[in-house]
Amino acid sequence: MAEDRSGWRPFIERAAGAVGIDPALVDEDLVLGLTAAIAHEGERPMAPVGAFILGIAVGRGGDAQQLRGEIEKVISVD
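Attention in this report is confined to the structure presented alongside it. Fair warning: this is a prediction, and the values are worked out from it, not measured in the lab.

## What about the nonpolar core?
Within the largest apolar cluster, 10 residues are counted, these being Leu30, Leu34, Ala37, Ile38, Ala39, Ala47, Leu54, Leu67, Ile71 and Ile75. Every element with two or more residues in this core is listed here: helix 2 (28–41), helix 3 (47–59) and helix 4 (64–73). Per-element tally for this core: the top contributor is helix 2, with 5 residues. When near neighbours in sequence (up to four residues on either side) are disregarded, Ile71 contacts Leu34, Ile38, Gly50, Ile53 and Leu54.

Structure (structure tokens):
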């Protein structure tokens, strides 16, 4: 069964507008992929923290895809 994503983009547009950023900059699949990896391979409570860290790094001028890869490298330190 496919997810109903119909409310996702309107939420992103509202939230992005509320903080003054262009909603086109939001790649929800990239962020959701990162949080899923953290939740399943690491510690579930750290998923939103990882997304926040990614957001800070992207805000400082980093490439989102490359930074996601860097974060995914350190999910599990077994």
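## A short note on the pattern of salt bridges
Applying the stated rule across the entire model yields 4 salt bridges. A salt bridge links Asp29 to Arg5; its shortest N-O distance comes to 2.8 Å. Of this pair, Asp29 sits in helix 2 while Arg5 is found in the segment before helix 1 (8–19), placing the two residues 24 residues apart along the sequence. Asp29 sits in the partly exposed class, given a relative accessible area of 42%. Look at Arg5 and you get partly exposed, because its relative accessible area is 38%. Its salt-bridge partner being Lys73, residue Glu70 comes within 3.1 Å of it at the nearest N-O pair. A residue pair is termed a helical-turn pair when its members lie 3 or 4 positions apart in one helix, as Glu70 and Lys73 do in helix 4 at 3 residues. Of the residues examined, Glu70 reaches a relative accessible area of 35% and is grouped as partly exposed. Given a relative accessible area of 60%, Lys73 falls into the exposed group.

## Observations concerning helix 3
The end-to-end C-alpha distance of helix 3 is 18 Å, a good match for the 18 Å that 13 residues give at a rise of 1.5 Å each. Turning to helix 3, its buried residues number three or more, namely Ala47, Gly50 and Leu54. Buried residues of helix 3, viewed axially, fall in a sector of 60 degrees; they line one side. Residues of helix 3 that are exposed and angled more than 90 degrees away from the buried face: Pro48, Phe52 and Gly59.

## Re the side chain of Arg68
For Arg68, the location among the structural elements is in helix 4. Filtering out sequence-adjacent residues up to four positions away, Arg68 remains in contact with Asp29, Leu30, Gly33, Leu34 and Leu54.

Conventions used here
- Residues numbered from 1 in each chain as written.
- Predicted model: local features only at pLDDT ≥ 70, side-chain atom pairs only at ≥ 80, totals over all residues.
- Heavy atoms only, no water.
- Core = buried A, V, L, I, M, F, W, Y, C linked by side-chain atoms within 4.5 Å.
- Buried < 20%, exposed > 50% of the residue type's maximum accessible area, 1.4 Å probe, protein only.
- Helix = DSSP H or I, 4+ residues; strand = E, 2+ residues; numbered from the N terminus.
- Contact = heavy atoms within 4.5 Å.
- Salt bridge = Lys/Arg side-chain N within 4 Å of Asp/Glu carboxyl O.
- Expected span 1.5 Å × (residues − 1).
- Arc of directions from axis to C-beta.

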